[in-house]
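Residue-level listing of the chains:
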Amino acid sequence: MAKVRVQSFGISIDGYGAGPNQDLLHPLGVRGPELMEWFFPTRMWQKMQGNGDGETGIDNEIAEQGFTGVGSWIIGRNMFGPVRGSWPDDSWKGWWGDEPPYHTPVFVLTHHPRRPLQMAGGTEFHFVTEGIDAALEQAIAAAGGGDVRIGGGVSTVRQYLGAALIDELHLALRPVLLGSGEELFRDLDLRALGYECEKTVAGERATHLFLRRRG
Ligand SMILES: NC(=O)c1ccc[n+]([C@@H]2O[C@H](COP(=O)([O-])OP(=O)(O)OC[C@H]3O[C@@H](n4cnc5c(N)ncnc54)[C@H](OP(=O)(O)O)[C@@H]3O)[C@@H](O)[C@H]2O)c1
């Protein structure tokens, strides 16, 4: 059966999934890239950047798994870009250039309506203003039997966790302290929500934690 998954979500020891003060120069917030320093060297990410090379190994294998079997994505408006409030125009089309790495429908949670965007390579951004349940319903319908990946950011993952709608959660725990930013587990009791840690895997630059919701 199709699953709702979070994959490759970088987190600091002190529980942050993004640094503070996100803006055009700091998509992940200040010091946020430290959360993804396990991911950036992988062959998967390097290939996405149009570079031939990159590291293979455990981190790369796990990063690749995140794209296998995914039929649609859900992301939050802050992950989509630095524009806040009403959309001034249609010029912002995401961080990822003309051909984003999704190649599926992507549902963007926002309070501000916007027309869908068709991108090269099959990515279609749909802007959903009716909340997380509506976005999930649309994402499941669009996934064609594939899994729905909740891409982030922090508030988006937190809301789906709080509603116990995520089946599997892969966190890449980085040995860094951010001190401030967006806290993934704020106000959540994961245990009461039915989550447990199924396994841990030591990667080259992160410890991979695989949580799942008990059936
Ligand atoms: N650690 C990782 O692996 C990882 C992965 C992905 C992203 N990130 C980072 O996470 C950060 C973004 O996280 P974030 O917590 O700031 O924001 P986010 O989850 O990306 O987006 C939050 C925004 O989405 C809209 N939204 C969220 N829930 C909604 C709902 N139920 N109904 C309607 N609109 C809703 C709201 O925007 P409006 O009200 O403005 O429309 C809200 O301010 C970025 O720095 C990104 O790079 C980290």
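Placed above this text is the structure.
Okay, so let's go over this structure. Model, not experiment: these values are computed from the prediction.

1. Some points on the pairing of strand β10 (residues 195-202)
Thinking step 1. Pairing geometry for β10 and strand β11 (residues 207-213), over seven bridges, is antiparallel. Considered in β11, the bridge of Ala202 is made with Thr207.
Thinking step 2. From the end of β10 to the start of β11, which pair antiparallel, there are four residues.

2. Concerning the packing of aromatic side chains
Thinking step 1. Counted according to the given criterion, the structure contains 14 aromatic pairs.
Thinking step 2. Here Trp87 and Phe127 contribute two aromatic rings whose centre-to-centre distance is 5.6 Å and whose plane-to-plane angle is 65 degrees, an arrangement assigned as edge-to-face. Note that Trp87 is positioned in the loop between α3 (77-80) and β4 (105-109) and Phe127 in strand β6 (residues 124-128), a separation of 40 residues in sequence. Just as Trp87 is buried, Phe127 falls in that class too.
Thinking step 3. Look at Tyr102 and Phe125: their rings are 6.3 Å apart centre to centre, the planes differ by 75 degrees, and that puts the pair in the edge-to-face class. Linking Tyr102 in the loop between α3 and β4 with Phe125 in strand β6, this pair joins segments that are 23 residues apart in sequence.
Thinking step 4. Given a relative accessible area of 6%, Tyr102 falls into the buried group.
Thinking step 5. In this structure an aromatic cluster arises from ring pairing among Phe67, Trp73, Phe80, Trp87, Trp96, Tyr102, Phe125 and Phe127.
Thinking step 6. If you follow Arg114 out to its NZ or CZ, it ends over the ring of Trp87, 4.7 Å from the centre.

3. Section: the layout of surface pockets
Thinking step 1. As a volume, the largest pocket reaches approximately 1100 Å³.
Thinking step 2. Lining the largest pocket are 44 residues, and of these Leu28, Met79, Gly151, Gly152 and Gly153 lie nearest its centre.
Thinking step 3. Every element with two or more residues in the lining of the largest pocket is listed here: β1 (4-11), β2 (16-18), α1 (43-48), β3 (70-76), α3, β7 (147-152) and α5 (154-162).
Thinking step 4. When its residues are assigned to classes, the lining of the largest pocket shows 22 nonpolar, 18 polar and four charged.

Basis of the calculations
Residues numbered from 1 in each chain as written. Predicted model: local features only at pLDDT ≥ 70, side-chain atom pairs only at ≥ 80, totals over all residues. Heavy atoms only, no water. Pairing = 2+ DSSP bridges. Helix = DSSP H or I, 4+ residues; strand = E, 2+ residues; numbered from the N terminus. Phe/Tyr/Trp six-rings, centres within 6.5 Å; stacked < 30°, edge-to-face > 60°. Buried < 20%, exposed > 50% of the residue type's maximum accessible area, 1.4 Å probe, protein only. Lys NZ or Arg CZ within 6 Å of the ring centre and 35° of its normal. 1 Å grid on protein atoms, 1.4 Å probe; cavity = no way out; pocket = protein on both sides within 12 Å on 5 of 7 lines; lining within 4 Å. Points joined across faces, edges and corners; volume = space filled by probe spheres on them. Nonpolar A, V, L, I, M, F, W, Y, C, P; charged D, E, K, R; others polar.

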